[in-house]
Amino acid sequence: MKILDEIRERHSDALISDNRRLEVVTNEDQLWIRDTWVPQAAAVGLKRIAVVLAHQGLGKFASQEIINRFPKMVFVTRTFDSVDEAQKWVASEGRPAK
């Protein structure tokens, strides 16, 4: 919920989620993210999520499962191998078209 508070305070439309150390997310938590957190994030204006995945293991699988449970068309969600790549995507997508 602190993430939502920060999105609201900063009027941000993008989030970088560094999930490289994530290990396991219970099914109950995945459902909470989908049914509670995602709608609230959309309501505060979040439009894009850049997810940095672990290179292997349960953390990578858990992150992918969470992303797959997002309702379609709520966010643009992309996965990345590094925080640097995620930051570049967030920065480039936030620029006005020329």
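All values derive from a computational prediction rather than experimental measurement.

A.B. asks: What should I look at first to understand the pattern of salt bridges in this one?
C.D. replies: Where side chains of opposite charge bring their charged atoms close, a pairing between them can arise. Considering all chains together, one arrives at 6 salt bridges under this definition. Of the charged contacts, one joins Arg 48 and Asp 13 as a salt bridge, the two residues approaching to 3.2 Å between their closest N and O atoms. Of the two residues, Arg 48 sits in strand β2 (residues 48–52) while Asp 13 sits in the loop between α1 (2–10) and β1 (14–18), which places them 35 residues apart along the sequence. Judged by its relative accessible area of 32%, Asp 13 falls in the partly exposed class. For the salt bridge of Asp 84 with Lys 88, the shortest nitrogen-to-oxygen distance reads 3.2 Å. Here Asp 84 and its partner Lys 88 are both found in helix α4 (residues 83–93), 4 residues apart, which amounts to about one turn of the helix. Note on Lys 88: relative accessible area 53%, which makes it exposed.

Calculation notes
Every residue gets a number counted from 1 within its own chain, in the order that chain's sequence is written. Only residues with pLDDT of at least 70 get local features here, since the model is predicted, and only at 80 or more are side-chain atom pairs given and counted; chain-wide, interface and lining totals rely on the full set of residues. Heavy atoms from the whole structure form the basis of all side-chain values; hydrogens and water molecules are not counted. Salt bridge, as used here, is a side-chain nitrogen of Lys or Arg placed within 4 Å of a carboxyl oxygen of Asp or Glu. In DSSP terms, a helix is any run of H or I states spanning at least four residues, a strand is any run of E spanning at least two, and both are numbered starting from the N terminus. Exposure classes here rest on a 1.4 Å probe applied to the protein chains alone. A residue is buried below 20% of its type maximum, exposed above 50%, and partly exposed in between.

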